[in-house]
Amino acid sequence: MRDKDLYAKILGVESPWHVTEVELALEQGEVLVHLENGEKRPPCPECGKPCSGYDSRPRRWRHLDTCQYRTVLVGRVPRIECPDHGIRQVRVPWGEAGSRFTALFEALVIDWLQEASVSAVARLVRLDWGEVDRIMARAVDRGLARRERRLPQCIGVDETSFQKRHEYVTVVCDQEAGVVVHVADGRGRECLDDFYKAFTKEERQAVESVSMDMWPAYIGSTKQYIPGAETKIAFDKFHVAQHLSRAVDKIRRQEHKALASLGDERLKGTKYLWLQNPNNMSDKRWTGFESLREGTLKTARGWAIKDLAMRLWHYTYRGNARKAWQAWYSWAIRSQLEPIKEVARMVKRHLEGIINAIVLGVTNARSEGINAKIQWIKYTARGFRNRERFRNAIYFHLGGLDLYPAGLRR
Ligand SMILES: [Zn+2]
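Notes on the structure in this doc start here. (Residues numbered from 1 in each chain as written. Predicted model: local features only at pLDDT ≥ 70, side-chain atom pairs only at ≥ 80, totals over all residues. Heavy atoms only, no water.)

Looking now at the coordination of the zinc ion. Distances from the zinc ion to its protein donors, Cys44 (SG), Cys47 (SG), Cys82 (SG) and His85 (ND1), fall at 2.1 to 2.4 Å. Coordination geometry of the zinc ion: the four donor atoms subtend angles of 101 to 113° at the metal centre, consistent with an arrangement described as tetrahedral. Between consecutive donor residues of the zinc ion, the sequence gaps follow C-x2-C-x34-C-x2-H. A residue pair is termed long-range when its members are at least 10 positions apart, and cysteine 44 in the loop between strand 2 (30-37) and strand 3 (52-66) and histidine 85 in the loop between strand 4 (69-82) and strand 5 (86-89) qualify at 41 residues. (Donors = N, O, S within 2.8 Å, 3.2 Å for Na, K, Ca; no water. Tetrahedral: all angles 85-135°; square planar, octahedral: opposite > 155°, others 65-115°. Helix = DSSP H or I, 4+ residues; strand = E, 2+ residues; numbered from the N terminus.)

The next point concerns unusual backbone geometry. The omega torsion of the bond from serine 15 to proline 16 falls at 10°, within 30 degrees of zero and hence cis. Residue placement: proline 16 occurs in the loop between helix 1 (3-11) and strand 1 (17-25). One non-glycine residue with positive phi stands out, namely arginine 126, at about 55°. Non-glycine residue glutamine 336 carries a positive phi angle of around 60°. Counting through the fold element by element, glutamine 336 comes out in the loop between helix 13 (318-333) and helix 14 (338-349). For glutamine 336, a relative accessible area of 70% translates into the label exposed. (Buried < 20%, exposed > 50% of the residue type's maximum accessible area, 1.4 Å probe, protein only.)

Before going further, it helps to spend a moment on the packing of aromatic side chains. Under the counting rule described, the total for this entry stands at twelve aromatic pairs. Between phenylalanine 289 and tryptophan 303, the aromatic rings sit 5.4 Å apart at their centres with planes inclined by 85°, giving edge-to-face as the arrangement. Here phenylalanine 289 is found in the loop between helix 10 (283-288) and helix 11 (290-293), whereas its partner tryptophan 303 is found in helix 12 (residues 298-309), with 14 residues between them in sequence. On the accessibility criterion, phenylalanine 289 (0% relative accessible area) is buried. Using a relative accessible area of 7% as the deciding quantity, one classes tryptophan 303 as buried. Ring pairing ties together the aromatic residues Phe195, Tyr196, Phe199 and Tyr225, which thus form one cluster. Over the ring of tryptophan 286 we find arginine 293; its NZ or CZ atom is 3.4 Å from the centre of that ring. (Phe/Tyr/Trp six-rings, centres within 6.5 Å; stacked < 30°, edge-to-face > 60°. Lys NZ or Arg CZ within 6 Å of the ring centre and 35° of its normal.)

The subject of this paragraph is the nonpolar core. Counting residues in each nonpolar core, the largest one holds 50 residues, and the members touching the most others are Phe195, Trp325 and Trp328. In terms of residues, this core owes the most to one element, helix 13, which gives six residues. Ignoring sequence-local partners within four residues, the contact set of phenylalanine 195 consists of Leu151, Pro152, Ile155, Val172, Val181 and His182. Counting residues in each nonpolar core, the second largest holds 34 residues, with Phe105, Val118, Leu127 and Ala393 among its members. (Core = buried A, V, L, I, M, F, W, Y, C linked by side-chain atoms within 4.5 Å. Contact = heavy atoms within 4.5 Å.)

With respect to topology, five strands assemble into an open sheet ordered 8-7-6-9-10, the strand pairing being mixed. The sheet is open, and its two borders are formed by strand 8 (179-185) and strand 10 (233-235), each paired with just one other strand. Put simply, the sheet's adjacent strands are angled 25° from each other on average, direction ignored. Note that strand 7 (residues 167-174) and strand 8 share six bridges and pair antiparallel. By the bridge assignment, valine 172 is partnered in strand 8 with histidine 182. Strand contacts of helix 8 (residues 237-260): strand 6 (154-162), strand 9 (209-212) and strand 10, with the helix running at about 35° to strand 6, the strand carrying the most contacts. The strands touched by helix 16 (residues 365-380) within the sheet are strand 6, strand 7 and strand 8, with strand 6 carrying the most contacts at an inclination of about 25°. (Pairing = 2+ DSSP bridges. Axes fitted to C-alpha atoms, helices over the stretch in contact; angles between N-to-C directions.)

Scope: geometric values only; no functional claims are made or implied.
Pasting the structure below:
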């Protein structure tokens, strides 16, 4: 087989296009595949009507490498003159309109981006950072445009900090599908208002639960837009655990400082023992932790209060759940540990939402999973300097979107 035929085959080039020449540019490390369109009256890209040619424009598309040579398709793309649509460039079968890459190449970059950061992928495929970033952004636009418009029945809403500590984005997810459905700037009420407002009252009525942190902006918005919000707003275990973990950590830091000044180093290097979920601890670690957690330290007392709170999520009936949490509150509020008392007061104010989470069986596994992935995105995206890119990365990795160029949808 001659190399022209070979490349036509590899590239899937079909009539009216054909390969006229394959040029090996050794010094540039490139294979140039020249293509030509032999059609007399090419169809208009809008209406398909055969039209007379107007002129042609030279174009290049980066393709998958052949044997480590950068492979580039080169050809003149005809422009036609349609009586209804004017002067238009004809479609090429190997890439999307306006793209400088073939669809297969974009798909390869999209696949790599699932596993690695933009800069790592840029090095790998020998593109600059901005080019890879644009492929990612185009993939997200494509995915969002194809997405079915639907309000999830079980919603999770959370804030996540971005770059500098005090900038936030609001992330709304579908708890059942485990995908992010909305990302908005900031963490104010309007972030959630805008999301809800895109749906009809009937659609909002069908929502079964909205799981969130005890955050007034999200509570206010949900109360306004979701009918029956009083029994649907759920303060889930994940968020309650976060508040209690922060409280225990604060107590540990204060106590460690006080003890260390007396030469007592018992709390040194114990931070993660107090924060780790006991269910995820090895037996050895759990046993090693025993003398500390069962001792008389304030940190141990705070930890025990948190540990009990983490066991109060299995009730079926509101009455039983409420009773158990009221007993927990009495213990916590008398603990003489200020950080714990603060959380206890917050829990008391939001108790019905915690009871909702329990009886609705709102699971936090999805939220935790999504949260962990967002942390990974932040970590790998240290080069990201703006919110738009952060938003795109969240949709790209967590949106459950159909990202591939047209013709390659899987
Ligand atoms: Zn037309």
